[in-house]
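Summary of structural features
In case you want the letters, here they are:
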Amino acid sequence: MQIKKAIFLGFIACLFAITVNAADKKYTNAEIYSKMCSKCHGLNGEGNPAKKGPALNDQTAHELEMSLIDLKSGGLNQSSGTEHEIMEHNMQKIIEKGMDYEPKSMSEYIFVAFNPEAKYYKKGDEKRSYTVSEIYAKMCSKCHGLAAEGNPAKKGPALNDKTSHELEMSLIDLKSGGLNQSSGTEHEIMEHNQNKIEEKGMDYSPKEMADFIENNFYKK
């Protein structure tokens, strides 16, 4: 009887230890993505139309980070909708399973692992000198269009209907923190994007960038 009791207590102790260890386990971003995200967004971030899961392998680390921050904040900067509400629900399930993550590190994992453009952002490139055309192509075109035609899906206005002077004034205002601009979510996002551009070593002269956009895209 004593032996059976000892075995039973030993079994309970082991089970408790396993439970505690499972709760305390730290998951990597790769494990979290594979277990919790890949069914809707694809094993390689390619998306899953059947699950209404958008592709993630065509977004920059910064775009992904902004989406994840918004998701974890309950969609404060996002228009409401069934799909976003489902994502918020999924986010809560991820947290409940002990698989919480930091938006910046998860976005960097997804970007580096799945986005073909990641090769352009290798660490160590920060000191490289970029032309305004490279900066526009790498950092501006996804929101404002390859030919500055705008991108409504990203709420990026067209720039090809503005003169160099108009663009320069807007860029100066943007780089000064919007001192001459009314506040608003979209402008605040642009200020954040501007900071990210500078952090990547892609700072530029407002006049040079404005001249580049007008000379290459302006529709007279």
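Now for a look at the structure at hand.

What counts and what doesn't
- Residues numbered from 1 in each chain as written.
- Predicted model: local features only at pLDDT ≥ 70, side-chain atom pairs only at ≥ 80, totals over all residues.
- Heavy atoms only, no water.
- Helix = DSSP H or I, 4+ residues; strand = E, 2+ residues; numbered from the N terminus.
- Expected span 1.5 Å × (residues − 1).
- Bend = angle between axes of the 7 residues up to and from the residue.
- Buried < 20%, exposed > 50% of the residue type's maximum accessible area, 1.4 Å probe, protein only.
- Phe/Tyr/Trp six-rings, centres within 6.5 Å; stacked < 30°, edge-to-face > 60°.
- Lys NZ or Arg CZ within 6 Å of the ring centre and 35° of its normal.
- Contact = heavy atoms within 4.5 Å.
- Salt bridge = Lys/Arg side-chain N within 4 Å of Asp/Glu carboxyl O.

1. Points about helix 6 (residues 132–144)
The end-to-end C-alpha distance of helix 6 is 15 Å, clearly below the 18 Å that 13 residues give at a rise of 1.5 Å each. Considering bend angle alone, the principal kink of helix 6 is centred on K138 and spans about 45°. Burial in helix 6 covers these residues: V132, I135, Y136, K138, C140, S141 and H144. Downstream of helix 6 by one or two residues, G145 has phi in the positive range, about 90°.

2. Quick notes on the packing of aromatic side chains
Centre distance and the angle of the planes are the two values used to describe a pair of aromatic rings. Scanning the entire structure with this criterion turns up six aromatic pairs. Aromatic side chains Y136 and F212 sit 6.1 Å apart centroid to centroid with 55° between the ring planes, which places their arrangement in the tilted category. With a gap of 76 residues between them, Y136 in helix 6 and F212 in helix 9 (residues 206–217) connect regions that are remote in the sequence. Each member of the pair, Y136 as well as F212, is classed as buried. Ring pairing ties together the aromatic residues Y33, Y109 and F114, which thus form one cluster. The ring of Y204 has K175 sitting right over it, with the charged end atom 4.8 Å from the ring centre.

3. Re the side chain of E168
Along the chain, the position of E168 falls in helix 7 (residues 164–175). Those residues in contact with E168 that lie beyond four places of it in its chain are P206, K207 and A210.

4. Examining the pattern of salt bridges
All chains considered together, the criterion is met by eight salt bridges. Note that E63 is salt-bridged to K154, the shortest N-O span being 3.6 Å. Of this pair, E63 sits in helix 3 (residues 61–72) while K154 sits in the loop between helix 6 and helix 7, and the two are 91 residues apart along the sequence. K104 serves as the salt-bridge partner of E108, at 3.4 Å between the closest nitrogen and oxygen. With a gap of four residues between them, E108 and K104 both fall in helix 5 (residues 103–114), about one helical turn apart. Owing to a relative accessible area of 34%, K104 belongs among the partly exposed residues under this scheme. Several salt bridges share partner residues, and in doing so they unite E65, K196 and E199 into one network.

Taken by themselves, the reported measurements are silent on function.
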